[in-house]
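Chain and residue survey
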Amino acid sequence: MSIAPDATAQKQVHNRRVFYVPGFDPFHARRYRELYRTEGADQAKISGYEITQSRKEGGGAYGWHVAAKIDDKSVTADIDVLIWADIVRKSMKAGILGTYAQLATTAWTYISTGVLFRLTGLRKGPVIAALYPVFMLLGQLLLAAVFAFGSGYVLSFITPWISGLGLLAGYAILTWFRKKDGKFYAYYLLHDFAFCARWRGANPAAIEDRLAAFTDQIAEALNSSTDEVLIVGHSSGAHLAVSALADLIRQGRVPKAGPRLAFLSLGHAVPMVSFLPNAHRLRADLNYLCQRDELFWLDVTAPGDGCCFALCDPVSVSGVAPDEGKKWPIMISAAFTKSLSPKRWNELKRRYFRLHFQYLCAFDAPKDYDYFKITAGPIALADRFQGRNSSKSRIDKSVSGFTGMTP
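Calculation notes
Residues numbered from 1 in each chain as written. Predicted model: local features only at pLDDT ≥ 70, side-chain atom pairs only at ≥ 80, totals over all residues. Heavy atoms only, no water. pLDDT = per-residue confidence, 0-100. Contact = heavy atoms within 4.5 Å. Axes fitted to C-alpha atoms, helices over the stretch in contact; angles between N-to-C directions. Helix = DSSP H or I, 4+ residues; strand = E, 2+ residues; numbered from the N terminus. Parallel < 35°, antiparallel > 145°, perpendicular 65-115°, else oblique. Left-handed = near helix turned anticlockwise from the far one by under 90°. Nonpolar A, V, L, I, M, F, W, Y, C, P; charged D, E, K, R; others polar.

Let's shift gears to the confidence of the model for the protein chain. Detailed reading of the predicted coordinates is not advisable wherever pLDDT is low. Per-residue confidence for the protein chain gives a mean pLDDT of 92, with 93% of residues at or over 70. Every residue in residues 1-8 is under pLDDT 50, and counting partners more than four places away or in other chains gives 19 contacts.

This is the structure:
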């Protein structure tokens, strides 16, 4: 699909409000501030522009202020993180036994509904990422069981009544693996998929309340004197941003004479949720948002990112694309293998979780996707990608077995 050129000349963006919606991440928002600071400095050095970061003034969400000079034009941006890490942390409080119970129920949900099979027909990478914690946790359990049995057997030769200590030894193995999950990511990924599966794709009350708060914050920015309001949804944050924006437009809170509204979805994993049987709300929001004139929606993924559904149209594969009137998203690839030098690609290509964040980082051989030009540059997202066609290699067929948009 191509976008017809705007009849009006491009208007420089002097100031911008950016709202970043993170994925399933329990860490403090300062992580994203520091990532933007270091990677932005690297990209500026590579690309020959200036970008500085300072403390944000005033209240509101956690964020920072950016001043940039790109293409000899000065721009300021205020970037806010729309926080839901507290909800994530609460969902990850299950102990070792609770996590194994989640493993069983999550696997059953995705397998019994046929969702896992359908997801496999899209992209293998994110399905492997989903299966990884299952096999890793079962492997840890097997190792702990072998160690418990073996140590109990040895102890029984000393005196039978202490052979039960082998169970404690096995549990100690499981405890060690959990403490080292920062290296293995098994518990983290399992909790991520379990969060979606627990309500079979529906939003829990805590998420609905947070989406309402997100919508209010975006609406306030749209009534300011800024030139562009840009929403960035990364990973699981992409589908949350879809729902927040759909609510915003339904409620009539996008002023006709206000700032331009844009949505940038990065490394989305929408089908992991939208394919589930109770994801009526998300499917309805995808159907609604893809037809709206109030915003411009660009979706960026990369086949090199094994944790996303690369070049899978989140609307179409979810089975909710309208017969006529679909405008969004425009889908392009960040083309990691081309926008990173061969040396840098070789350094990163097996660091799967790091690659999932590459959209927010510097490219040492940049093409047309530059996160820092998009968030702090003088050109609005719609103008920057005006007339751009979606990738010819995108997947835009209906794949989901559940396509209902009402409960």
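Back to the write-up after that little detour.
Moving on, we come to the packing of helix α3 (residues 96-112) against helix α8 (residues 186-198). Between α3 and α8, the least distance of the axes is 9 Å, while the angle of their chain directions is 50°. The orientation of α3 with respect to α8, classified from their angle, is oblique. Like other packed secondary-structure pairs, α3 and α8 cross with a definite hand, here left-handed. Here Ile96, Thr99, Tyr100, Gln102, Leu103, Thr106, Thr109 and Tyr110 of α3 lie close against α8, whose contacting residues are Tyr187, Leu190, His191, Phe193, Ala194, Cys196 and Ala197. A per-class count over the contact of α3 with α8 returns 10 nonpolar, 5 polar and no charged.

Our next topic: the packing of helix α10 (residues 236-250) against helix α12 (residues 280-289). In the contact formed by α10 and α12, the axes pass within 9 Å of each other and the chain directions differ by 60°. Seen from above, α10 lies across α12 with left-handed handedness. Taken together, the residues of α12 that come into contact with α10 (itself represented by His239, Val242, Ser243, Leu245, Ala246, Asp247, Ile249 and Arg250) are Arg281, Leu282, Ala284, Asp285, Leu286, Tyr288 and Leu289. Taken together, the residues of the contact of α10 with α12 break down into 9 nonpolar, 2 polar and 4 charged.

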